[in-house]
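# Architecture at a glance
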Amino acid sequence: YRHKGFSSHNHIASGDDDLFINTAATSKNTEIVIDKEAFTLSAAPTTWNQWMRQKTRHFSTGRLYRASHKFLLGLYAFTHFAFYPLFIACIIGYDWKIILGIFLVRFLLQTLIFYRTMSKLDERDLFAWFLLFDAWMFFYYLIFSVAMVKKPKKNWN
């Protein structure tokens, strides 16, 4: 009630739910829960065009988040986007053994985190794909970089 529900986001065609949470959530009233019973599933788009439209909407809505959240999400996206090109450039221009060591440390940390999380969520079948998905994220950010600065659509269809 204090945040007046979705009223401050009702002019936006999508993302009103996460914008409301972004506005109302604090460290005192919110907790991270990694439990299969707390996991929310929604129907996935069935075509490439539907998927592209959905992801574009998600990114365009994100520009309305709190400044600190935009910074942290942007920092994560930037480091994820920059990792593979910098990895390749460093292997070519520097001692490949040191660079490979850095990659292996990152890989081992990811392996531990993803395996434990996927186990808790009963999604172990995705574990074999996580390195491919991680590399795919470079292209994902490249494809949707325009949507990050695009203004969200204001009208509902």
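Axis angle and axis distance: for two packed helices, these are the angle between their axes and the distance between the axes, and together they describe the pair. Running from N to C, helix H3 (residues 67-93) and helix H5 (residues 130-144) cross one another at 110°; their axes reach a closest spacing of 9 Å. Taken together, H3 and H5 sit at an angle that is classed as roughly perpendicular. On H5, the residues that touch Tyr76, Ala77, His80, Phe81, Tyr84 and Pro85 of H3 are Leu131, Asp134, Ala135, Met137, Phe138, Tyr141 and Leu142. For the contact of H3 with H5, the per-class residue count stands at eleven nonpolar, one polar and one charged.

Let us now look at the confidence of the model for the chain. With 82% of its residues at a pLDDT of at least 70, the chain reaches an overall mean of 79. Taken element by element, the predicted model of the chain shows its lowest mean pLDDT in helix H1 (residues 16-24) (75) and its highest in helix H4 (residues 96-120) (87).

This paragraph deals with the packing of aromatic side chains. Per the stated rule, a full pass over the model turns up 16 aromatic pairs. Ring centres of Phe83 and Phe87 lie 6.0 Å apart, and the angle between their planes is 10°; on these two criteria the pair is classed as stacked. Residue Phe83 and its partner Phe87 are located together in helix H3, separated by four residues, close to a single helical turn. Taking relative accessible area as the criterion, Phe83 reaches 15% and is therefore assigned buried. Between the aromatic rings of Tyr140 and Tyr141, the centroid separation amounts to 5.7 Å while the plane-to-plane angle is 75°, which identifies the pairing as edge-to-face. Across this residue pair, the class does not change: Tyr140 and Tyr141 are buried. Against the face of Phe83 rests Arg106, its NZ or CZ located 3.9 Å from the ring centre.

Quick notes on the rules
Residues numbered from 1 in each chain as written. Predicted model: local features only at pLDDT ≥ 70, side-chain atom pairs only at ≥ 80, totals over all residues. Heavy atoms only, no water. Axes fitted to C-alpha atoms, helices over the stretch in contact; angles between N-to-C directions. Helix = DSSP H or I, 4+ residues; strand = E, 2+ residues; numbered from the N terminus. Parallel < 35°, antiparallel > 145°, perpendicular 65-115°, else oblique. Contact = heavy atoms within 4.5 Å. Nonpolar A, V, L, I, M, F, W, Y, C, P; charged D, E, K, R; others polar. pLDDT = per-residue confidence, 0-100. Phe/Tyr/Trp six-rings, centres within 6.5 Å; stacked < 30°, edge-to-face > 60°. Buried < 20%, exposed > 50% of the residue type's maximum accessible area, 1.4 Å probe, protein only. Lys NZ or Arg CZ within 6 Å of the ring centre and 35° of its normal.

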